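Coordinate analysis (summary)
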Amino acid sequence: MNKLRFLTAGESHGPCLTGIVEGMPAGLEVSEDYIAVQLARRQHGYGRGGRMKIEQDRAEILAGVANGKTTGGPIALRIENRDWPNWKDRKLPPLTVPRPGHADWAGGIKYGHDDMRLVLERASARETTTRVACSALARRLLEEFGMRVFSHIIQIGPVRVETLITGDPEQFAQVDESPVRCLDPEGEARMIAAIDEARAKGDTLGGVFEVVVTGMVPGMGSYVHWDRKLDGRLAQAIMSINAIKGVELGGGFTTAGLFGTQAHDQIYLKDGRVVRASNRAGGTEGGVTNGEPLIVRGAMKPISTTISPQHSVDLATGQDSPTQYQRSDVCAVPAAGVIGEAMVALVVADAFLEKFGGDSVAEMRHNVEGFLASSKRWLELN
Ligand code: EPS
């Protein structure tokens, strides 16, 4: 990210999480209540553990906003960890048995931490709270220009649903009402049953979320250099989310199995406008947005902290040892969808600022209108 940058700090069981967002234009209406809505969405979802009953995440805006509008200066956010008082005086034994799949072992060797609790504190997905808070500002900016970011869950464990995305925001009106954030009621019931089964077995489940952005403006990103391609930037952002092991745009891996004449989105004229018959590309061609909805999927592995023990070794004793259970979630895929939205919103807002950047929202509006007016012959043919 180069126009819109953000940094986070904070540990899972420390006093608070903090974030700084740099590069937001001036004049954007934002509020703590608006950010709180997004934070609450991340906390829900069937399969979460005990921690989410303790936290009620809310970000305090400490800088960069005056009279309800961004000033153009860096925006500082702070989120309290309500669980902190429960941990600050606890004398915990060192964590010396690394969990397979967790950052414990790799993080321990990297930073030289004999107590791998020091690794898990920062490696924890708790950090994604701050990403969602920072990204709420990016979402606000996109909304101002008609772009809306949604997500839904298409797979939990072995249960998979196929839902065709229409590009109409109304399709997502009820998605947060579903405990697994699934658009297919029959699939939802099977997903819940799969999570119940995993819980009963002391096990965990992963899955796949799909992020959709509607109202996309064409021309963001670029084909001229690898690091300017929007799809590459989206892939990095999705892969940076805890426990994500795969990413797809549009048809993704399925498109790889089709003939070329089946795979591409045929171009037609409809009432003088250039339209597509499908959206297998997922909204980008050549790393540039083509105005179709952006469709990005992330595959999440099952959470590595399992009640049923896994095989490991105790680095303190040098003996074989089963893993020791640390409180965690059974399935966090519904929350991961919201975090996916956050990362996609940050990347799209960054690309939007790159193309239409101005120091204020008013200046950006002028730039967008100018671009669309001068691009008429690519959009409309008379
Ligand atoms: C997490 C372990 C659990 C999760 C946590 C991520 O936390 P705790 O160790 O306090 O039980 O609930 O997720 C969050 C705290 C959160 O806000 O999403 C882990 O080890 O990654």
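Coordinates for the structure precede this section.
Residues numbered from 1 in each chain as written. Predicted model: local features only at pLDDT ≥ 70, side-chain atom pairs only at ≥ 80, totals over all residues. Heavy atoms only, no water.

Considerations on the overall build of the chain
Summing up its helical and strand segments, the chain has 13 helices and 17 strands in all. Computed over the C-alpha atoms, the radius of gyration of the chain is 22 Å, within 12% of the 21 Å expected from 2.2 N^0.38 for a compact globule of 382 residues. Taken along its principal axes, the extent of the C-alpha atoms in the chain is 75 × 50 × 40 Å. Within the chain, the fraction of its 382 residues that count as buried is 48%. Intrachain contacts of the chain at a sequence separation of at least 6 include 71% that bridge at least 24 residues. Counting every atom, the chain has about 18300 Å² of accessible surface; 54% of that belongs to carbon and sulfur. The averaged location of the 47 negative side-chain charges in the chain is 2 Å from the averaged location of its 43 positive side-chain charges. (Helix = DSSP H or I, 4+ residues; strand = E, 2+ residues; numbered from the N terminus. Rg over C-alpha atoms; globule rule 2.2 N^0.38 Å. Buried < 20%, exposed > 50% of the residue type's maximum accessible area, 1.4 Å probe, protein only. Contact = heavy atoms within 4.5 Å. Areas by Shrake-Rupley, 256 points an atom, 1.4 Å probe, with all protein chains shown as cover. Lys, Arg positive; Asp, Glu negative; His and termini not counted. Charge placed at Lys NZ, Arg CZ, Asp CG, Glu CD.)

Comments concerning the packing of helix α8 (residues 230-239) against helix α11 (residues 333-356)
For the pair α8 and α11, the least separation of the axes is 9 Å and the interaxial angle reads 145°. The chirality of how α8 crosses α11 is right-handed. In contact with L230, R233, L234, A237 and I238 of α8, α11 contributes G340, M343, V344, V347, D350, A351 and E354. Classifying every residue of the contact of α8 with α11 gives 8 nonpolar, 1 polar and 3 charged. (Axes fitted to C-alpha atoms, helices over the stretch in contact; angles between N-to-C directions. Left-handed = near helix turned anticlockwise from the far one by under 90°. Nonpolar A, V, L, I, M, F, W, Y, C, P; charged D, E, K, R; others polar.)

Remarks on the pattern of salt bridges
Taken as a whole, this structure holds 31 salt bridges when the rule is applied. Residues R42 and D57 are paired through a salt bridge, measuring 3.6 Å at the closest nitrogen-oxygen approach. With R42 in helix α1 (residues 32-43) and D57 in the loop between α2 (51-54) and β3 (59-63), this residue pair connects regions lying 15 residues apart in the sequence. For the pair formed by R42 and D57, the shared burial category is buried. Across the pair R190 and E186 runs a salt bridge, and its minimum N-O distance is 3.0 Å. Highlighted residues: R190 and E186, both in helix α7 (residues 185-200), separated by 4 residues, approximately one helical turn. Judged by relative accessible area, which is 38%, R190 ranks as partly exposed. (Salt bridge = Lys/Arg side-chain N within 4 Å of Asp/Glu carboxyl O.)

Observations regarding α8
Helical periodicity: at 3.6 residues per turn, an α-helix aligns residues three or four positions apart in one direction. Within the sequence span of α8, burial applies to L230, R233, L234, A237 and I238. All buried residues of α8 lie within an arc of 135° about the axis, which places them on one face of the element. In this fold, the buried residues of α8 make contact with β9 (207-214), β10 (244-249), β13 (284-285), β14 (288-289), β15 (294-300) and α11. (Arc of directions from axis to C-beta.)

Observations regarding the packing of aromatic side chains
A complete count under the given rule lists 4 aromatic pairs for this structure. Directly above the ring of W87 sits R90, whose terminal nitrogen or CZ lies 4.4 Å from the centroid. It is R140 that lies over the ring of Y34; its NZ or CZ is 5.8 Å from the centre. (Phe/Tyr/Trp six-rings, centres within 6.5 Å; stacked < 30°, edge-to-face > 60°. Lys NZ or Arg CZ within 6 Å of the ring centre and 35° of its normal.)

Structural notes on the pairing of β9
The element β9 is largely enclosed, with a buried count of 8 among its 8 residues. Neither face of β9 is open: one carries G207, F209, V211 and V213, the other V208, E210, V212 and T214, and all of them are buried. Note: strand β7 (residues 148-156) against β9, 8 bridges, orientation antiparallel. Across the sheet, residue Q155 finds its bridge partner in β9, namely V208. With 7 bridges connecting them, β9 and β15 associate as antiparallel partners. Opposite V213, over in β15, you have L294 as the bridge partner. (Pairing = 2+ DSSP bridges.)

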